[in-house]
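What the coordinates show
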Amino acid sequence: MKILFLLLIAQLSYAQKFEKDSVLQFQKELNEHYADTASSPLKKEDLKHFVNLEFYPISETYFVQAKFTRTKKEKPFEMKTTTARKPIYVKYGELQFTINDVPCKLNVYQNVEYAKKPGHQDSLFLPFTDLTSGVESYGGGRYIDLEVQKGNTWTIDFNKGYNPYCAYNEKYSCPIPPAENDLKVEVKAGVKKYHD
């Protein structure tokens, strides 16, 4: 029984371990998506000259362990976007953590309609702004895709933060991070501001 317990602990620790290769794969796939003429959100003139997105250096500092609190009886709401479109989201829970000794909290959301699709019932949306927004990173904030995690300690890898399509092309309708998801710290991780 003790050996089984130790194996379970080892597996849990491994699942929550920072993996640079995972971030490199994320960056590779994102660059491939943006370079693909069939799927890229880039404008035609920008796509002609596209080489790769600019990322912050990968850093374990921005791979954080967060205390997750499931919030119940939350009412679905219309999340503001950069257009008149107002998709329906519901607050799924709260994540509390620290970055460079600064206490932080983010609400994590679930898109009501998207969660109804097969295989997406555990998909979550983590939009945020921080002190780099509008300076080194996109002023409209960045996103992180999360999946529901077990237990009340969740990992957030800000190295996988990416820009909404609106950062590259104004024709897209993108959710605007709610004011309560503004972090009072610099998150020097993930995708930087797009430079023409």
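So, here's what we can say about the structure.

The rules behind each value
- Residues numbered from 1 in each chain as written.
- Predicted model: local features only at pLDDT ≥ 70, side-chain atom pairs only at ≥ 80, totals over all residues.
- Heavy atoms only, no water.
- Salt bridge = Lys/Arg side-chain N within 4 Å of Asp/Glu carboxyl O.
- Buried < 20%, exposed > 50% of the residue type's maximum accessible area, 1.4 Å probe, protein only.
- Disulfide = S-S within 2.5 Å.
- Helix = DSSP H or I, 4+ residues; strand = E, 2+ residues; numbered from the N terminus.
- Contact = heavy atoms within 4.5 Å.

1. Examining the pattern of salt bridges
- Within the structure shown, the criterion is met by nine salt bridges.
- Lys91 is the partner of Glu94 in a salt bridge, and the nearest nitrogen-oxygen pair spans 2.7 Å.
- Judged by relative accessible area, which is 18%, Glu94 ranks as buried.
- Between Glu113 and Lys116 there is a salt bridge, with its nearest N and O atoms 3.3 Å apart.

2. Section: the state of the cysteines
- According to the stated counting rule, one finds one disulfide in the structure shown.
- The residue that forms a disulfide with Cys166 is Cys174, at a sulfur-sulfur distance of 2.1 Å. What sets the handedness of the Cys166 and Cys174 disulfide is the S-S torsion sign, and at about 105° it is right-handed. Each member of the pair Cys166 and Cys174 is classed as buried.

3. Here's the deal with the environment of Val64
- Turning to its location among the elements, Val64 is positioned in strand β1 (residues 63-70).
- Taking the relative accessible area as the measure of exposure, Val64 reaches 4% and is therefore buried.
- Sequence spacing of Val64 and Met79 is 15 residues, and the spatial spacing of their C-alpha atoms is 26 Å.
- Look past the residues within four positions of Val64 in its chain and what remains in contact with it is Phe97, Thr98, Ile99, Trp154, Thr155, Ile156 and Phe158.

4. Brief notes about the environment of Asp182
- Positionally, Asp182 belongs in the segment after β7 (153-157).
- For the pair Asp182 and Gly141, spaced 41 residues apart in sequence, the C-alpha to C-alpha distance is 8.7 Å.
- Sequence-distant contacts of Asp182, defined by excluding residues within four places in its chain, comprise Thr129 and Asp130.

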